[in-house]
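In case you want the letters, here they are:
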Amino acid sequence: KGQKISHKFYRALIRSKARLTYDEVQEFMTSGQGLDVVKEPLNALIEAYHHLKELRQKRGVLDLDVPERKVDLNEKGQVVGVSQRLQTESMQLIEEMMILANVSAAETLEKAGVMTMYRVHDRPSDEKLTRFNDFLKSLGFKKRMSEISGTAFNEILSRVEGKKLDYAMNTFVLRTQAQAEYSSENIGHFGLALQKYAHFTSPIRRYADLMVHRALVRALKLGKGGLTHEEEQNFDEIAEHISFTERNSAAAEQNAVDKYLAGYMREKIGELFYGRISSVTAFGCFLMMNGTGADGFVPFRTMHGDYYKVDEKGARLIGRHTGKVYKMGDEVPVILRECDPITGGMIFSFARIKDLKNKKI
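Parameters at a glance
- Residues numbered from 1 in each chain as written.
- Predicted model: local features only at pLDDT ≥ 70, side-chain atom pairs only at ≥ 80, totals over all residues.
- Heavy atoms only, no water.
- Salt bridge = Lys/Arg side-chain N within 4 Å of Asp/Glu carboxyl O.
- Helix = DSSP H or I, 4+ residues; strand = E, 2+ residues; numbered from the N terminus.
- Buried < 20%, exposed > 50% of the residue type's maximum accessible area, 1.4 Å probe, protein only.
- Expected span 1.5 Å × (residues − 1).
- Contact = heavy atoms within 4.5 Å.
- Axes fitted to C-alpha atoms, helices over the stretch in contact; angles between N-to-C directions.
- Parallel < 35°, antiparallel > 145°, perpendicular 65-115°, else oblique.
- Left-handed = near helix turned anticlockwise from the far one by under 90°.
- Nonpolar A, V, L, I, M, F, W, Y, C, P; charged D, E, K, R; others polar.

**Things to note about the pattern of salt bridges**
Now for step 1: If you walk through the whole model with that rule in mind, you get 14 salt bridges.
Now for step 2: With a shortest N-O distance of 3.5 Å, Lys-53 and Glu-89 are connected by a salt bridge. Taken together, the positions of Lys-53 in helix H2 (residues 39-59) and Glu-89 in helix H3 (residues 89-112) put the pair 36 residues apart, joining distant regions of the chain.
Now for step 3: For Lys-53, a relative accessible area of 28% gives the class partly exposed.
Now for step 4: Looking at Glu-89, the relative accessible area reads 25%, which means it is partly exposed.
Now for step 5: Where Glu-246 meets Arg-119, a salt bridge forms, and the shortest distance between an N and an O atom there is 2.8 Å. Here Arg-119 lies in strand E3 (residues 118-120) and Glu-246 lies in helix H9 (residues 235-265), a separation of 127 residues in the sequence.
Now for step 6: The class for Glu-246 is partly exposed, based on a relative accessible area of 27%.

The structure is reproduced here in structure tokens:
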């Protein structure tokens, strides 16, 4: 049924029988051919994954589909293309196993009474839920969301899957969520629908995971390198600090990708593109461009022919004279007007009829 029966932590050396890639395992999962040296344990792993996947759906894990951009560079570091990073089933297999290890770490430390660096994710606030319900109402949804659960969000997402509103709904659901962080106080993980969760699987790149490893060394008396009493006294301060640096790191990554994309688009000023409105603000609207996934902005100053007022509850712009409506999820033709590789900013304007006649995508 995908429910963990038992687990054990110990210090060990790993002897790898094969150095596998996600693509190789994906091919094996599809065809069942190759990888003979690890075929038997791999089949057992895949079978376990399918049970875990079924349990994941039953417990109501939040199932968001927000595209991740991948910037392709040549040997000179120049951008030659932008694509979407696909989530293969082999990646999902590893993710499920890592989640299981993370849960096991939290359970062990809690049982031992040792300070734990939990990975927590709070429920959406009432204010955000109200805003989300206003958004649903503006789209014509008759049923408001009263129950706060991953299952309830997934039900709404499934209703627009593959349709025009798919990206907008996934984006709005994501913005409705609280931000995950590290804490010594366990409030559970809403997105994963788990009560006990602690990052354990990446101690060479995340300090939170390293602290969990050291806490396990201390709890299980596995030798040197355990968590110190001094660190326990500063646990809350450390949790706050690594949550802050994680947000900084994510922002830096986003900023770098934006700059790469702006550099890539710099030679395309004046050209016609299509994008989807991802958010509406008091100054205009943001777009995610088709194909590249680049973020752009359409300010009011570039909107010709009318003045637009903002309907924040409905996440849309409404023309005062024409009644023209631009709302989240709409696919719109736009012209690239400005591009700054230093800041990563791109300014667009809505395309007019004459632009559509003269330009090519």
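**Remarks on helix H7 (residues 207-219)**
Now for step 1: Its 13 residues give H7 an end-to-end C-alpha distance of 18 Å, which sits within 8% of 18 Å, the value for a rise of 1.5 Å per residue.
Now for step 2: Burial in H7 covers these residues: Ala-208, Asp-209, Met-211, Val-212, Arg-214, Ala-215, Leu-216, Val-217 and Ala-219.
Now for step 3: Of the surrounding secondary structure, the elements contacted by the buried residues of H7 are H3, strand E4 (181-183), helix H8 (229-233) and H9.

**A closer look at the packing of helix H5 (residues 150-160) against helix H6 (residues 166-176)**
Now for step 1: It is the contact of H5 with H6, at a shortest axis distance of 8 Å, that shows an interaxial angle of 165 degrees. Judged by the inter-axis angle, H5 sits roughly antiparallel to H6. As for the relative orientation of H5 and H6, their crossing is right-handed in sense. In this structure, H5 uses Phe-153, Ile-156, Leu-157 and Val-160 to contact H6, whose residues at the interface are Asp-166, Met-169, Asn-170, Val-173 and Thr-176.
Now for step 2: Of the residues assigned to the contact of H5 with H6, the class counts are six nonpolar, two polar and one charged.

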